[in-house]
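Chain by chain, the residues run as shown.
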Amino acid sequence: MNSSTDATQFDASTTSKSKWNFHDTQWVLSLFGTAVGAGILFLPINIGIGGFWPLIILACMALPMTFLAHRGLARFVLSSKNKDADFTDVVEEHFGANAGRLISLLYFLSIFPILLIYGVGLTNTVDSFIVNQLGIESPSRVLLSGVLVAGMISLMLGGERLMLRAFAILVYPLVGILLFLSLYLIPSWQVPNMAFPEFAGFSKTLWLSIPIIVFSFSHAAAISSFVNVQRSHYGDQATAKSEAILKRTSLLLIVFVLLFVFSCVLSLTPEQMLQAKAQNVSILSYLANVTDNSFIATFGPLVAFIAITSSFLGHFLGARESFNGLVTKQTSLSMKSADKIGVAIMFFAIWFCAVKNPSILDMMDQLSGPIIAMILFIMPMIAVYKVPALKQYRGMSSLFVLVVGLLAVAALIYGFVA
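Residues numbered from 1 in each chain as written. Predicted model: local features only at pLDDT ≥ 70, side-chain atom pairs only at ≥ 80, totals over all residues. Heavy atoms only, no water.

## Concerning the overall build of the protein
Step number 1: Each helix and strand in the protein was counted, giving 17 helices and 0 strands.
Step number 2: Its C-alpha atoms give the protein a radius of gyration of 22 Å, near enough to 22 Å, the size a compact globule of 418 residues would have.
Step number 3: Sorting the 418 residues of the protein into buried and exposed places 54% on the buried side.
Step number 4: For the protein, long-range pairs separated by at least 24 residues make up 82% of all intrachain contacts whose partners lie at least 6 apart in sequence.
Step number 5: Counting only carbon and sulfur atoms, one obtains 66% of the accessible surface of the protein, whose full area is about 17,500 Å².
Step number 6: The centroid of the 24 positive side-chain charges in the protein is displaced by 6 Å from the centroid of its 20 negative side-chain charges. (Helix = DSSP H or I, 4+ residues; strand = E, 2+ residues; numbered from the N terminus. Rg over C-alpha atoms; globule rule 2.2 N^0.38 Å. Buried < 20%, exposed > 50% of the residue type's maximum accessible area, 1.4 Å probe, protein only. Contact = heavy atoms within 4.5 Å. Areas by Shrake-Rupley, 256 points an atom, 1.4 Å probe, with all protein chains shown as cover. Lys, Arg positive; Asp, Glu negative; His and termini not counted. Charge placed at Lys NZ, Arg CZ, Asp CG, Glu CD.)

Printed below as a string of structure tokens:
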């Protein structure tokens, strides 16, 4: 009698967990918030300079690139025999200690520059708003950037519950305002130049844009923490549930982001895109400055601020986890000590970069995009052909992800030698 009741309760619990629930929605929003940051706010500038047809081709590639790559990384982390393994543990388990250290370092380096970019982007967004919309003299960049970076890191130190709550608060208005702004710009659309460019120049533009696409849609920094939460929450169903959440996240990203990108690109000329790049501000800050429109002037910088803040939180989570894993495996420091050192180092590095104000698009093109490609596109696909636990995933989708990753890294090499 008791065993029958227990079985019934177990079946009911399993059925309940297999259905879509609030936990899943929270994680869709968290991953969406991680991806929608500086990359997407600068994406229209980079693609708009290249013309209309590269935008069309890259838009068609965005969904398979985003979903298949993140699904591959999630499967890689979940393939560990150790149910509590983070990314660094899984890499060491599958590739050995020495290769594990190198890949773990690359993982950290794929995330850390993004935090530097967000420090610069947030400081420029707030400074531009203060000067152009409020009409106040520009504050001390050292003070402004220090306060902003300290505020974002303070949110992360509050733990997972506070982080998810912050995402919930930030992402809902982000989705709503991003959609409204995209639709609001439609009346100002201009007919683009539909002439098909010379094939050699077109293919080169397309190729060199891949790292920006990789960077712009990446939420790889949160994947390790994300799948470990799903493994704890769902047990044997973790892989299926993780993939379902990632699929919805990718669809949400593509619909909202591509509508936004198309709206921005069709509302501005390539010459204006070049001006925005030279000013080192996001597309929304540029629109707020050049259009005589109080709505865009108010909500453009607000969206940029929310997007960069929400994405910073997700990437800081990944950088913090990978730094702690690297340090505790190579030294005798405790996790608590490593965490304090890591937070301090990242705070001062992000603050320093925000003060120096390097080119955001150059940092995306030449550093973050290709390194993310190594970790998100190449390494999990190599594991698919090396690790027995992942051999079931071999096929055309894994080859597609691998080729995209190799093209992104090749674009980095070309950028250095050209």
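## What about the environment of Val-303?
Step number 1: Its location among the elements puts Val-303 in helix α14 (residues 294-330).
Step number 2: Once the C-alpha coordinates of Val-303 and Leu-181 are considered, the two residues, 122 residues apart in sequence, prove to be 9.3 Å apart.
Step number 3: Ignoring anything within four residues of it in the chain, the contact list for Val-303 reads Leu-174, Ile-177, Leu-178, Leu-181 and Leu-284.

## Observations concerning the packing of aromatic side chains
Geometrically, a pair of aromatic rings is defined through the distance of the ring centres and the angle of the planes.
Step number 1: Throughout the structure, instances matching the rule amount to 14 aromatic pairs.
Step number 2: Aromatic pair Phe-180 and Tyr-184: ring centres 6.2 Å apart, planes at 25°, arrangement stacked. Taken as a pair, Phe-180 and Tyr-184 lie in helix α8 (residues 160-184) at a separation of 4 residues, close to a single helical turn.
Step number 3: For Tyr-184, a relative accessible area of 34% puts it in the partly exposed group.
Step number 4: Taken together through their ring pairs, the aromatic side chains of Phe-76, Phe-87, Phe-95 and Tyr-107 make up a single cluster. (Phe/Tyr/Trp six-rings, centres within 6.5 Å; stacked < 30°, edge-to-face > 60°.)

## Comments concerning the side chain of Asn-124
Step number 1: You can see Asn-124 is positioned in helix α6 (residues 97-133).
Step number 2: Given the relative accessible area of 8%, Asn-124 is considered buried.
Step number 3: At 2.6 Å, the side chain of Asn-124 and the side chain of Arg-141 are in polar contact.
Step number 4: In this structure the side chain of Asn-124 is engaged in a polar contact, spanning 3.0 Å, whose partner is the side chain of Asn-357.
Step number 5: Leave out the neighbours within four places in its chain, and Asn-124 touches Arg-141, Asn-280, Asn-357 and Ile-360. (Polar contact = N/O pair within 3.5 Å; in protein donor to acceptor, adjacent residues only side chain to side chain.)

## Let's talk about the pattern of salt bridges
Step number 1: Applying the stated criterion across every chain, the model contains 4 salt bridges.
Step number 2: Note that Arg-75 and Glu-243 form a salt bridge whose closest N and O atoms lie 2.8 Å from each other. Taken together, the residues span a long stretch of sequence, with Arg-75 in helix α4 (residues 52-78) and Glu-243 in helix α11 (residues 238-267) at a distance of 168 residues. In this pair, the class of Arg-75 matches that of Glu-243, namely buried.
Step number 3: Asp-89 is the salt-bridge partner of Lys-329, the closest N and O atoms lying 2.6 Å from each other. (Salt bridge = Lys/Arg side-chain N within 4 Å of Asp/Glu carboxyl O.)

## Examining the confidence of the model for the protein
Step number 1: In this model, the protein carries a mean pLDDT of 83, and residues with pLDDT of at least 70 account for 91%.
Step number 2: Mean pLDDT across the elements of the protein ranges from a minimum in helix α1 (residues 2-18), with 49, to a maximum in helix α15 (residues 335-356), with 92.
Step number 3: This stretch, residues 3-15, has a pLDDT under 50; its non-local contacts, to residues over four places away or in other chains, come to 1 contact. (pLDDT = per-residue confidence, 0-100.)

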